Amino acid sequence: MAETRLIEISPVTRVEGHGKVTIHLDAEGRVDEARLHIVEFRGFERFIRGRLMWEVPVIVQRLCGICPVSHHLASAKAMDQIVGVDVLPPTAEKMRRLMHYGQVMQSHVLHFFHLSAPDLLFGFGAPAEKRNIFEVIRENPTLGLRAVQMRKFGQEIIEATAGKKIHGTGAIPGGINRNLPVEVRDRFLGQVEEMLVWAQDALALARGYVESHADMVAGFGTFPSSHMSLVREGDGALDLYHGRLRALDAGGAPIFDMVDYRDYHKHLIEDVRSWSYMKFPFIRALGAEDGWYRVGPLARMNTASFIDTPLANAAHGALRAFSGGLNHSTLANHWARMIEVVHCVEKIRELLQDPDLQGSDLVAKGERRFEGIGVIEAPRGNLIHHYRVDENDQVTFCNLIVSTTHNNEGMNRAVKAVAVQHLSSQPKITEGMLNHVEVAIRAYDPCLSCATHALGQMPLQVEIVDAAGAVIDRAGQCL
Amino acid sequence: MPVTRLLLIGYGNPGRGDDGLGPALAERMSGRNLPGLTVEIDYQLTVDHAALIATHDAVVFADAAMELGMPYRLTQVEGTPQALGSHQVTPEAALHLAWLLYGRSVPGWVLAIGGEAFGEVQEGLSAVALSNLHLAEQFLAGWIRQAVRAA
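Residues numbered from 1 in each chain as written. Chains lettered and ligands numbered in written order. Predicted model: local features only at pLDDT ≥ 70, side-chain atom pairs only at ≥ 80, totals over all residues. Heavy atoms only, no water.

Q: In this structure, what is going on with the overall build of chain A? I would like to understand it.
A: The helix and strand tally for chain A stands at 16 helices and 15 strands. Per-residue burial for chain A yields a buried fraction of 63% across its 479 residues. Sequence separation of at least 24 residues holds for 71% of the intrachain contacts in chain A that already meet a minimum separation of 6. Carbon together with sulfur atoms contributes 51% to the accessible area of chain A, which is approximately 16,200 Å² in total. (Helix = DSSP H or I, 4+ residues; strand = E, 2+ residues; numbered from the N terminus. Buried < 20%, exposed > 50% of the residue type's maximum accessible area, 1.4 Å probe, protein only. Contact = heavy atoms within 4.5 Å. Areas by Shrake-Rupley, 256 points an atom, 1.4 Å probe, with all protein chains shown as cover.)

Given below as structure tokens:
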């Protein structure tokens, strides 16, 4: 039997929500299995049944305190179809896009500066007391201030387009309920150039990290996989708000392409496993064993043919050139995420100069339908909302595939790869070693359950299990 | 405590039962229109709360609490924060960020309100939470009047 070992972990935090990692050791202390468990049952699909379709885009925001806008927009897109609208008025679509770019920008900024920067700047094995944002700010106060200002900029865009920072009501079935007043537009225009400079600086930081640690990055949670995202219809450009589904295999060959996302269920199957509440989706054509795939910023950089904003496109080209094809490195997500920040700010600037944002044609109407499927690219990856509604406007069916669910298998593989690399056969497993596992999870910016955080809850727990199945150590941090 | 600008941040998820106690309290306090009081409602504390905190003289963080053993408890925030996330920005961390980023040392209190039904996806507060909310509201209204009057 393996010896019981003392393991010190503090903190094991900086992920969104509540999760658990178990690391199973064999008799020689080698990592036999490592799994990321989702320990909270969300149950939202049942909760939403019986609700009126009009209130769904508002209610679903309660799924998540971090990316409520993603759920707001995905559900609104589904409800567009139910009210018979396939093409929104330009003002409505552009307002929704502005909202979405604001949200992706602020989410990525928060993740990069506040959750990941301590690991990247100080090292994964640095003392835990050093590895936090406060130390980052102490050493580089400008970075900290910029992070807060950039996030604030994104939040204010959300507020201006959705009506409120949380529980916004902007997107409604068939359109939007407001336009952007000129004075608000001008306020954002006065800030956007500075945001673009800061976004490029952040990109340089993320790119520089990956390039200067190329060997480590290449060996850290890197494994071939398929990648999936929306891309723009026709030319395959990056499109975070709307498009068609594209999935590429590990070599870059299409598995499916330009698929109408309303047919997602023809291409994706959702598997379940006994040890996790989270589903394991896979691509039907490849089967359950080989059909898993990754989504998110890096997946989007892999699937997109190009980016339709110049600075982000140049950065996309640089990532591609560095990678020599698809990039499969878990840590390259940080580089990809900052490319998207630049892209979002460029799109925000482009939209702010578009007079359609001041238009008054806000809502379209069509012939009533009874089923709708909305898909967007949320900060963490592809997000699917699928509803059926009866003649009384009540929801009768709801299926959600959130980004973290798409990435479930990928994250588990990353956890195992890093655990094997850094924990196997070690005479003493330290907090720094365990942090390597968390770094791998964090790179996917997972949102494990969302927004229950009452005093006393635990966000992430790590358990070490010996060959006999006994838990020999566990650690976590209460909030 | 000389206070002219008091900030109340009520946070939690109203879609998770008693986790919505913080926002519920904040909404009630907002309806009282107390002079000098700014009310903010959010799902959770985030880094950008530091900027808001830095523009006030004091802050009260209202949050739901599990197994509190009493209807509510007001505690002054003390100590150095150990970590920071986005779901896990603690009151200590928010105050510390306000100091680090803006050079403002703002005193803070946590008003923990006891709940018993967390985690399930449901709206509305349990009977116990509602009762605790009422008591916490009465207490905080008096506390704020006294605090602001002291200025």
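Q: What am I meant to see in the overall build of chain B here?
A: When its secondary structure is counted, chain B shows four helices and five strands. Shown N-terminal to C-terminal, the secondary structure of chain B runs as helices and strands in the order β-α-β-α-β-β-α-β-α. The proportion of buried residues among the 151 residues of chain B is 60%. In chain B, once contacts between residues fewer than 6 apart in sequence are set aside, the share between residues at least 24 apart is 80%. For chain B, the exposed area adds up to about 5,700 Å²; of that, 49% sits on carbon and sulfur atoms.

Q: When you look at the packing of aromatic side chains in this model, what are you seeing that I'm missing?
A: Think of a pair of aromatic rings as described by two things: how far the centres are apart, and how the planes are tilted against each other in angle. Under the counting rule described, the total for this entry stands at seven aromatic pairs over all chains. Ring centres of Trp109 of chain B and Trp143 of chain B lie 5.2 Å apart, and the angle between their planes is 70°; this geometry places the pair in the edge-to-face category. You can see Trp109 of chain B sitting in strand 5 (residues 108–115) and its partner Trp143 of chain B sitting in helix 4 (residues 127–149), a full 34 residues away along the chain. The exposure classification of Trp109 of chain B matches that of Trp143 of chain B, with both residues buried. Taking NZ or CZ as reference, Lys77 of chain A lies 4.5 Å from the ring centre of Tyr241 of chain A, over its face. A cation over an aromatic ring shows up here: Arg187 of chain A above the ring of Phe188 of chain A, its NZ or CZ 5.0 Å from the ring centre. (Phe/Tyr/Trp six-rings, centres within 6.5 Å; stacked < 30°, edge-to-face > 60°. Lys NZ or Arg CZ within 6 Å of the ring centre and 35° of its normal.)

Q: Is there a simple way to explain helix 4 (residues 90–122) of chain A in this structure?
A: Note: α-helices contain 3.6 residues per turn, so residues at a spacing of three or four share the same orientation. All names here are of chain A. The end-to-end C-alpha distance of helix 4 is 46 Å, a good match for the 48 Å that 33 residues give at a rise of 1.5 Å each. In the structure, helix 4 departs most strongly from a straight axis at Ser116, where the bend amounts to approximately 60° and where the proline Pro118 lies between one and four residues downstream. For helix 4, a buried count of 29 out of 33 residues is recorded, marking the element as mostly surrounded by other parts of the structure. Within two residues after helix 4, Gly123 carries a phi angle of roughly 100°, on the positive side. (Expected span 1.5 Å × (residues − 1). Bend = angle between axes of the 7 residues up to and from the residue.)

Q: Would you take a moment to explain helix 12 (residues 310–323) of chain A for this structure?
A: All names here are of chain A. Spanning 14 residues, helix 12 covers 20 Å between terminal C-alpha atoms, matching the ideal 20 Å at 1.5 Å per step. Those residues of helix 12 not exposed but buried are Ala312, Ala315, His316, Ala318 and Leu319. The buried residues of helix 12 occupy an angular sector of 160° when the element is viewed end-on, so they sit on one face. Away from its buried face, by an angle of more than 90 degrees, helix 12 presents the exposed residues Pro310, Ala314 and Ala321. Each element contacted by the buried residues of helix 12 is listed here: helix 7 (182–212), helix 11 (297–303) and helix 13 (332–352). Once helix 12 ends, the next one or two residues include Gly324, with phi positive near 65°. (Arc of directions from axis to C-beta.)

Q: Can you walk me through the pattern of salt bridges in this structure?
A: Opposite charge on two side chains makes pairing possible when the charged atoms of those side chains draw close. Residues and elements named next belong to chain A. Taken as a whole and judged by the stated rule, the model has 36 salt bridges over all chains. With its nearest N and O atoms 2.6 Å apart, the salt bridge here joins Asp235 to Arg232. On the basis of relative accessibility, which here comes to 32%, the residue Asp235 falls in the partly exposed class. One salt bridge connects Asp263 with Lys266, and the closest N-O pair in it is separated by 3.5 Å. The class of Asp263 is partly exposed, set by a relative accessible area of 26%. One continuous salt-bridge network, built from bridges that share partners, spans Arg232, Asp235, Asp308, Lys347 and Glu350. (Salt bridge = Lys/Arg side-chain N within 4 Å of Asp/Glu carboxyl O.)

Q: What is the right way to read the sheet that holds strand 11 (residues 371–378) of chain A from this model?
A: Residues and elements named next belong to chain A. With antiparallel pairing, the three strands of this open sheet are ordered in space as 11-12-13. Since the sheet does not close on itself, it has two edges, and those belong to strand 11 and strand 13 (395–401), each with one partner. Mean inter-strand twist for the sheet, computed between neighbouring axes without regard to direction, equals 15°. Sheet topology places strand 11 next to strand 12 (residues 381–389); eight bridges connect them, and they run antiparallel. Within the sheet, the bridge partner assigned to Glu371 lies in strand 12 and is Arg388. Each of strand 11 and strand 12 touches helix 3 (residues 68–82); the most contacted strand, strand 11, lies at about 150° to it. (Pairing = 2+ DSSP bridges. Axes fitted to C-alpha atoms, helices over the stretch in contact; angles between N-to-C directions.)

Q: In this structure, what is going on with the environment of Leu326 of chain A? I would like to understand it.
A: Residue and element names in this part refer to chain A. Within the element layout of this structure, Leu326 appears in the loop between helix 12 and helix 13. A sequence separation of 74 residues divides Leu326 from Gly252, and the C-alpha atoms of the two residues are 6.3 Å apart. Those residues in contact with Leu326 that sit more than four places away from it in its chain are His227, Leu248, Asp249, Ala250, Gly252 and Asn302.

Q: Before we go on, may I ask you to explain the nonpolar core in this structure?
A: Nonpolar side chains in soluble globular proteins tend to end up buried together. Residues Ile23 and Tyr387 of chain A together with Ile53 and Phe61 of chain B are the most contacted members of the largest nonpolar core, which totals 150 residues. Sort the elements by how many residues they give to this core and helix 4 of chain A lands first, with 14 residues. The next biggest cluster of nonpolar side chains, apart from the first, holds 27 residues, and it includes Leu8, Ala24, Leu34 and Ala62 of chain B. (Core = buried A, V, L, I, M, F, W, Y, C linked by side-chain atoms within 4.5 Å.)

Without other data, these values stay purely geometric and don't point to any function.
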